Amino acid sequence: VQLQASGGGLVQVGGSLRLSCAASGSTSNSYARGWFRQATGKEREFVAAIRWNGGSTFYSDSVKGRFTISRDKAEKTVYLQMNSLKPEDTAIYYCAAGSGLIVSSIRLPQQYDYWGQGTLVTVSS
């Protein structure tokens, strides 16, 4: 599985961006797809995830209510709609895919098998 993230950029506080993560290669309905982010000097943190089969979604407390993760099964693409952006959302955003993830592990980056290259989101105040 290869993942290609795109859609990052520079946006002002309160603005919106939509990230995309396209997958190629062999994918499975058992996969979950996630978004993580890493700010300078900080560890990679969970942002959101979606189960490919069923569409259940999961969010970190810091983005709940502002970000929405969705999927297009035909295009094998996952989206992250980010609204009401804050300076603390500034980071490199990575998409990931993993299989066999359960509720207790879906937020853990080490549980994901495949990663995209990252896309930079900068929120200016």
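Quick notes on the rules
Residues numbered from 1 in each chain as written. Predicted model: local features only at pLDDT ≥ 70, side-chain atom pairs only at ≥ 80, totals over all residues. Heavy atoms only, no water. Pairing = 2+ DSSP bridges. Helix = DSSP H or I, 4+ residues; strand = E, 2+ residues; numbered from the N terminus. Axes fitted to C-alpha atoms, helices over the stretch in contact; angles between N-to-C directions. Salt bridge = Lys/Arg side-chain N within 4 Å of Asp/Glu carboxyl O. Buried < 20%, exposed > 50% of the residue type's maximum accessible area, 1.4 Å probe, protein only. Phe/Tyr/Trp six-rings, centres within 6.5 Å; stacked < 30°, edge-to-face > 60°. Lys NZ or Arg CZ within 6 Å of the ring centre and 35° of its normal. Disulfide = S-S within 2.5 Å. Core = buried A, V, L, I, M, F, W, Y, C linked by side-chain atoms within 4.5 Å.

Draft legend 1. Local environment of the sheet that holds strand β7 (residues 67–72). Strands sit in the order β1-β3-β8-β7 across an open sheet of four strands; the sheet is antiparallel. Each having just a single partner strand, β1 (2–6) and β7 make up the two edges of the open sheet. If you compare each strand with its neighbour and ignore which way they point, the axes differ by 15° on average. Relative to strand β8 (residues 77–82), strand β3 (residues 17–24) runs antiparallel, the two sharing six bridges. Within β8, the residue paired with Leu19 across the bridge is Leu80.

Draft legend 2. Local environment of the pattern of salt bridges. Taken as a whole and assessed by the stated rule, the structure comprises four salt bridges. The partner of Arg37 in a salt bridge is Glu45, with the nearest N and O atoms 2.6 Å apart. Using a relative accessible area of 35% as the deciding quantity, one classes Glu45 as partly exposed. Among the ionic pairs, Asp89 bridges to Arg37, the shortest N-O distance being 2.9 Å. Taken as a pair, Asp89 in the loop between β8 and β9 (91–99) and Arg37 in strand β4 (residues 31–38) lie far apart in primary sequence, 52 residues in all.

Draft legend 3. Representation of the packing of aromatic side chains within the structure. With the rule as written, the count across this model stands at five aromatic pairs. Here Phe36 and Trp115 contribute two aromatic rings whose centre-to-centre distance is 5.1 Å and whose plane-to-plane angle is 55°, an arrangement assigned as tilted. Taken together, the positions of Phe36 in strand β4 and Trp115 in strand β10 (residues 114–115) put the pair 79 residues apart, joining distant regions of the chain. Look at Phe36 and you get buried, because its relative accessible area is 0%. Above the ring of Tyr94, the side-chain terminus of Arg44 is found at 3.9 Å from the ring centroid. The side chain of Arg44 reaches across the aromatic face of Trp115, ending 4.7 Å from its centre.

Draft legend 4. The state of the cysteines, seen in detail. All told, the structure shown has one disulfide when counted by the stated rule. Paired through a disulfide, Cys21 and Cys95 show a sulfur-sulfur distance of 2.2 Å. What sets the handedness of the Cys21 and Cys95 disulfide is the S-S torsion sign, and at about 65° it is right-handed. Residue Cys21 is found in strand β3, and its partner Cys95 is found in strand β9; the two are separated by 74 residues along the sequence. We classify Cys21 as buried; its relative accessible area is 1%.

Draft legend 5. Layout of the nonpolar core. The biggest cluster of nonpolar side chains holds 27 residues, and the ones touching the most others in it are Trp35, Val47, Phe67, Ile69, Leu80, Met82 and Tyr93. For this core, the secondary-structure elements that each account for two or more residues are β1, β3, β4, β5 (45–51), β7, β8, β9 and β11 (119–124). Ala32, Phe46, Phe58 and Leu101 belong to the second largest nonpolar core, which has nine residues in total.

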